[in-house]
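# Report on the structure
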Amino acid sequence: MGDNQFVRSLDTLGSDDLPQVGGKSANLGELTRLDVPVLPGFTTTADGYDHYLDAADLRDDLRDALAGLDPDDVSDLQDRGRRVRNMVASAEMPDDLRRSIVEAYRRLGDEAGEANPRVAVRSSATAEDLPTASFAGQQETFLNVTGEDELVDAVKRCYASLFTDRAITYREDRDFDHFDVKLACPVQSMGRPDADRGCSGVAFTIDPDTGFENVVVVEAAYGLGELLVQGEVTPDRYTVFKPTNGILERERGEKAVRMVWRGDENAVEDVPEPDRKRYALDDDRIRELATYCGRIEDHFDRPMDVEWLLDGERDELYVVQARPETVHASAPERAVRTYELTGDADPSVAVAEGVAVGNQVGTGRVRILTHLSEMDRFEAGDVLVTDSTDPDWEPVMRKAAAIVTERGGKTSHAAIVSRELGIPAIVGAERATKALRDGDPVTVDCTEAKGRVYEGELDYEVHEERLDEIPDTEADVMLVLGDPERAFSLARLPVDGVGLAREEFIVTSAIGDHPLYAIERGQADRFVEGLRTGVAKIAAAFYPDPVVVRLSDFKTDEYRNLRGGTRYEPEEANPMLGWRGASRYYDPDFRAAFELECEALRQVREDVGLDNLVLLVPFCRTPDEGRKVLDLLAEFGLDTDAIDVYAMAELPSNVVRADDFADVFDGFSVGSNDLTQLVLGIDRNSAKLADLFREDDSAVKRSIRSLVESAHAHDPRRPVGICGDAPSTVEGYVEFLLDAGLDSISVTPDVALETIVRVAQLETEPSDGGNGERDGGNA
């Protein structure tokens, strides 16, 4: 109703209208057809933009102002951009275009039942939000616009923002003619994320760092969303697993400030301390938002970048933007590339820390910039260190070896642009501009969730795993993986799941407390949450393939190294053979700690919905001990009839009584390190005996072969795998394992692909019948 050449109602639009209304407006029109809440509004058109330029006779003057531009000359770019924007913004709005905008605005007010309603005015470029190019963030948005004159002025300023420095550079780099890109302005009723309990944020239907496709990643902060996008606030972050809509991870951000509407203007104010310490979204809202994001992704049939708000007055969620995610959507999927620091990098000596973006390492000299006017000091290969960035910083960001900002989260401007440019970045690195010194060489390490800056240019390696023409194998090839932060980036490896996920790494790196100490301090929920999150991320990454999680296997000396550990752990002469594994779980002195562990695993299966979890009981000395553990698992909420529980085969008793253990457990996983130690009677940590520690010794190999034969004789469906180092480090071991009949082989990620290829080759070669050639002749 009331649509014309210059103005269209959002609910009349679709993807076919993109040439006239741009990607943002066209996508909003598509959303009105879905079961997704969208605020009402209208949009100006590309014809309106052309009419504006033509009426003011601006085209020749704009071309002259941009002729011969070198986008690498930052000072010249800034001068020309400023001049061009002034020319566009100061032009007179044609009467017919103005009349169309004002009439549409009045109709919006009539529908809302108020004169001069507050609206948001955004920019929608006609080449924006395409699957292969993103002009997002390059043009302006104006919030809380009220009145006809203010609205018209906001439209003019949006037109001018088509010539921001970043937008000019982006078009120059990609050979877009500046006049082939046109601008429409979607105008929508303002939601109230700045009202009590309101908030706003962004969501990706893909992990923005790794490209893992099975999650929705949501960031949320109080108030209007501008501060989050600009990196001025550290938001909450939630990760939702798409297949089950279960919440994998919650990370509470500082959320120290918020933008609100006060009087007649937007204002930035401090967030009260109690609100900072709570999550901006509750679990139901997180799942509701993830559901909307899933519908949007399904509709557009590609990963999407979504902006949303929670209206505090209406207590309703609204989607305000949806555009294709362009970084991972266009990236080749033929390789998994991982970075590893090989230089001396002790986290305790890092000079700055924050949230890592990009899973890479970068080195260069620090260049601290406090203002855009200092851009000419920046040289290609420097490490950009600043408070925060906005679209005008893009020309210098593209030349950086790495980026460090003091503020911002994983969807801030600095994070988004660094991913797009393929540059490692650390955001939210508090006091980085004070801790780092201009001109010093540094290493920016983003290989873990916490990014760190180290002094000096440290050595690092890049490992690339190719994914071309991976053969199928009869025996499963699985991963040994302890670090949940690597799980999403490794999910594309064509493996059959995870054969060993170690809880110890999660407890040490993400929690740090002895579980009994956590209970004593009233931090039991924090312990459960940390363990649940770590296990869930690994299980989600490889879903629906099995993920075998080994129950805690700290030895007493290792438990003593955790916070508070000396209160609860005895000193043992030989912790390797002491109070560890199964014997701890049912002990009255440890039972309460094991209950926390079980609760975390229960939540992974029931609350998150990850039913691919398999449990592995370590260091189980007797079948009776195994039964005690199974009874305890059931008592603590883990249904052992629905969950497979394996025994870690690492003791001679596991081999000698394999048939009895097979009565208790659903399968076995060989721990070749401890089995070798105990079969040969060698302390595996003894340097004096290192030459005798041989996992390919005939006694060890005969033990493994005997275990497999007994387990399969008991029940051909009793699987036996191996998760020690031997397949990765001992030449010829894979051949022996296949000949012995193991069902799965678990290796570290760096050798996964070559192991798959080797297994496939061996499975097609004629066997020697196990007469010794494959296993080195000593079995």
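The residue count restarts for each chain, going from 1 along the sequence in the order it is written. pLDDT decides what is reported in this predicted model: residues at 70 or higher carry local features, side-chain atom pairs at 80 or more are listed and counted, and totals for whole chains, interfaces and linings draw on all residues regardless. Derived side-chain values reflect all non-hydrogen atoms in the structure, with water molecules and hydrogen atoms excluded from consideration.

### Quick notes on the overall build of the protein
- Counting secondary structure elements, the protein contains 28 helices and 32 strands.
- Radius of gyration: over C-alpha atoms. The globule rule applied is 2.2 Å multiplied by the number of residues raised to the 0.38 power. Compactness check: the protein gives a C-alpha radius of gyration of 30 Å against a globular reference of 28 Å for 779 residues, within 12% of the reference.
- With the C-alpha coordinates of the protein rotated into their principal frame, the extents come out at 95 × 50 × 50 Å.
- Remark: exposure states derive from per-residue accessible area (1.4 Å probe, protein chains only) relative to the maximum for the residue type, with buried under 20%, exposed over 50%, and partly exposed in between. The burial tally for the protein puts 58% of its 779 residues in the buried class.
- Contact definition: two residues touch when any of their heavy atoms are within 4.5 Å. Restricting the contact set of the protein to residue pairs at least 6 apart, pairs at least 24 apart contribute 67%.
- Distance from the positive charge centre (86 side chains) to the negative charge centre (157 side chains) of the protein: 3 Å. Helix numbers and strand numbers start at the N terminus; a helix is a DSSP run of H or I with at least 4 residues, a strand a run of E with at least 2. When charges are counted, neither His nor the chain ends are considered; positive counts come from Lys and Arg and negative counts from Asp and Glu. Note that the charge is assigned to NZ on lysines, CZ on arginines, CG on aspartates and CD on glutamates.

### Side note on the pattern of salt bridges
- Every case where a carboxyl oxygen of Asp or Glu lies within 4 Å of a side-chain nitrogen of Lys or Arg is listed as a salt bridge. Enumeration over the complete set of coordinates arrives at 67 salt bridges.
- Asp194 is the salt-bridge partner of Arg192, the closest N and O atoms lying 2.7 Å from each other. As far as burial versus exposure is concerned, Arg192 and Asp194 are alike and both buried.
- The residue Arg591 makes a salt bridge to Glu635 at a minimum N-O spacing of 2.2 Å. One end of the pair, Arg591, is in helix 20 (residues 591-606); the other, Glu635, is in helix 21 (residues 623-635), with 44 residues separating them in the sequence.
- Members of the salt-bridge network, linked through shared partners, are Arg367, Glu374, Arg377, Asp382 and Asp438.

### Let's talk about helix 4 (residues 74-89)
- Taking 1.5 Å as the rise per residue, helix 4 with 16 residues should run 22 Å; its terminal C-alpha atoms sit 22 Å apart, in good agreement.
- Taken together, the buried positions of helix 4 are Val74, Leu77, Gln78, Arg80, Gly81, Val84 and Val88.
- Residues of helix 4 that are buried in the fold lie against helix 2 (46-55), helix 3 (59-66), helix 6 (148-160), helix 7 (165-173) and helix 11 (394-397). In this scheme, a helix's expected span is set at 1.5 Å multiplied by one less than its residue total.

### Things to note about the sheet that holds strand 25 (residues 476-481)
- Strands were regarded as paired on the criterion that DSSP finds at least two bridges between them. An order of 25-26-27-28-29-30-31-32 is seen for the eight strands of this closed barrel, with the pairing classed as parallel. The average undirected angle you get between the axes of adjacent strands in this sheet is 30 degrees.
- Examined bridge by bridge, strand 28 (residues 613-617) and strand 29 (residues 645-649) share three bridges and lie parallel to one another. Counterpart to Leu615 in the pairing with strand 29 is Val645. Only the stretch in contact is used when a helix axis is fitted, and all axes are lines through C-alpha atoms; the angle between N-to-C directions ranges over 0 to 180 degrees.

### Here we look at the state of the cysteines
- Our working definition of a disulfide is a cysteine sulfur pair at a distance within 2.5 Å. A complete count under the given rule lists zero disulfides for this structure.
- No disulfide involves Cys185; its sulfur sits 4.4 Å from that of Cys158, the nearest cysteine.
- Owing to a relative accessible area of 0%, Cys185 belongs among the buried residues under this scheme.
- The closest cysteine sulfur to the non-disulfide-bonded Cys199 is located on Cys293, 13 Å from its own sulfur.
- Overall, Cys199 belongs to the buried group, its relative accessible area being 0%.

### Focus: the sheet that holds strand 5 (residues 142-145)
- One open sheet holds the five strands; their spatial order is 1-2-7-3-5, and the pairing between them is antiparallel. Edge positions in the sheet fall to strand 1 (7-9) and strand 5, since each has one partner strand and no second. Strand-to-strand twist in this sheet, taken as the mean axis angle between neighbours without regard to direction, amounts to 25 degrees.
- The sheet contact formed by strand 2 (residues 41-44) and strand 7 (residues 186-189) spans three bridges and is antiparallel.

### What to know about unusual backbone geometry
- A cis geometry characterises the amide bond from Tyr543 onward to Pro544, with omega recorded as 5 degrees.
- Looking at where Pro544 falls in the secondary structure, it is placed in the loop between helix 17 (524-541) and strand 27 (547-550).
- If you check the backbone angles, Asn116 has positive phi at about 50 degrees while not being a glycine.
- You can see Asn116 is positioned in the loop between helix 5 (95-112) and strand 3 (119-121).
- Here the phi dihedral of Asn144 falls at roughly 55 degrees; this positive angle occurs in a residue that is not glycine.
- By the secondary structure assignment, Asn144 is in strand 5.
- With relative accessibility at 1%, the residue Asn144 sits in the buried group.

### Some words on the packing of aromatic side chains
- By convention, a stacked pair of Phe, Tyr or Trp rings (six-membered ring in the case of Trp) has centres within 6.5 Å and planes under 30 degrees apart, an edge-to-face pair has planes over 60 apart, and any other such pair is tilted. The tally for this structure, following the rule as stated, stands at 13 aromatic pairs.
- Each member of the aromatic cluster is reached from another via a ring pair, and the members are Phe554, Tyr559, Trp579 and Phe590.
- Think of it as a cone above the ring: NZ of Lys or CZ of Arg counts as a charge over the ring if it is within 6 Å of the ring centre and within 35 degrees of the ring normal. The ring of Trp579 has Arg584 sitting right over it, with the charged end atom 3.9 Å from the ring centre.
- Across from the ring centre of Phe590, 4.5 Å away, lies the NZ or CZ of Arg584, which sits over that ring.

### Points about the side chain of Ser124
- With respect to the helices and strands, Ser124 occurs in strand 4 (residues 124-125).
- Relative accessible area serves as the criterion here: at 0%, Ser124 is assigned to the buried category.
- If we skip the residues at most four places from it in the chain, Ser124 touches Val21, Gly22, Gly23, Lys24, Ser25, Lys182, Leu183, Ala184 and Pro186.

### Remarks on the pairing of strand 9 (residues 215-222)
- Across the eight residues that make up strand 9, a large majority, eight, are buried.
- Residues Val215, Val217, Glu219 and Ala221 of strand 9 are buried on one face, and the alternating residues Val216, Val218, Ala220 and Tyr222, pointing to the opposite face, are buried as well.
- Both strand 8 (residues 199-204) and strand 9 contribute to a ladder of six bridges, which runs antiparallel. Following the sheet pairing, Cys199 is matched in strand 9 by Tyr222.

### Quick word on the environment of Leu28
- If you trace the backbone, Leu28 turns up in helix 1 (residues 18-31).
- Residue Leu28 is classed as buried on the basis of its relative accessible area of 1%.
- For Leu28 and Ser15, which are 13 residues apart along the polypeptide, the C-alpha to C-alpha distance reads 9.4 Å.
- Those residues within four positions of Leu28 in sequence are excluded, and the remaining contacts are Leu10, Val38, Pro186, Gln188, Val319, Val320 and Gln321.

### A word on a negative patch on the surface
- The residues that make up patches have over 30% relative accessible area and no salt bridge, and they are joined within 9 Å when like-charged or within 5 Å when they are Val, Leu, Ile, Met, Phe, Trp or Tyr. To be clear on the numbers: accessible area is Shrake-Rupley with a 1.4 Å probe, and residue cover counts the displayed protein chains and nothing else. A grouping of Glu340, Asp459, Glu461, Asp750 and Glu754 is seen on the molecular surface, where their side chains present a negatively charged patch.
- Among the secondary structure elements, Glu461 is positioned in strand 24 (residues 460-466).

### With respect to the environment of Val477
- With respect to the secondary-structure elements, Val477 resides in strand 25.
- For Val477, a relative accessible area of 2% gives the class buried.
- Look past the residues within four positions of Val477 in its chain and what remains in contact with it is Val495, Asp496, Ile745, Val747, Ala752, Thr755, Ile756 and Val759.

### Structural notes on the confidence of the model for the protein
- On average, residues of the protein score 90 in pLDDT, and 95% of them are at 70 or above.
- As a per-residue quantity, pLDDT reports the predictor's confidence and falls between 0 and 100. Between residues 129-136, whose pLDDT stays under 50, and residues either more than four places distant or in other chains, the model counts 29 contacts.

### Points about the environment of Tyr159
- Tracing the chain through its elements places Tyr159 in helix 6.
- Sequence separation of Tyr159 and Tyr49 is 110 residues, and the distance between their C-alpha atoms is 7.3 Å.
- Apart from residues lying up to four places away in sequence, Tyr159 is in contact with Thr44, Gly48, Tyr49, Tyr52, Val88, Leu97, Leu183 and Cys185.

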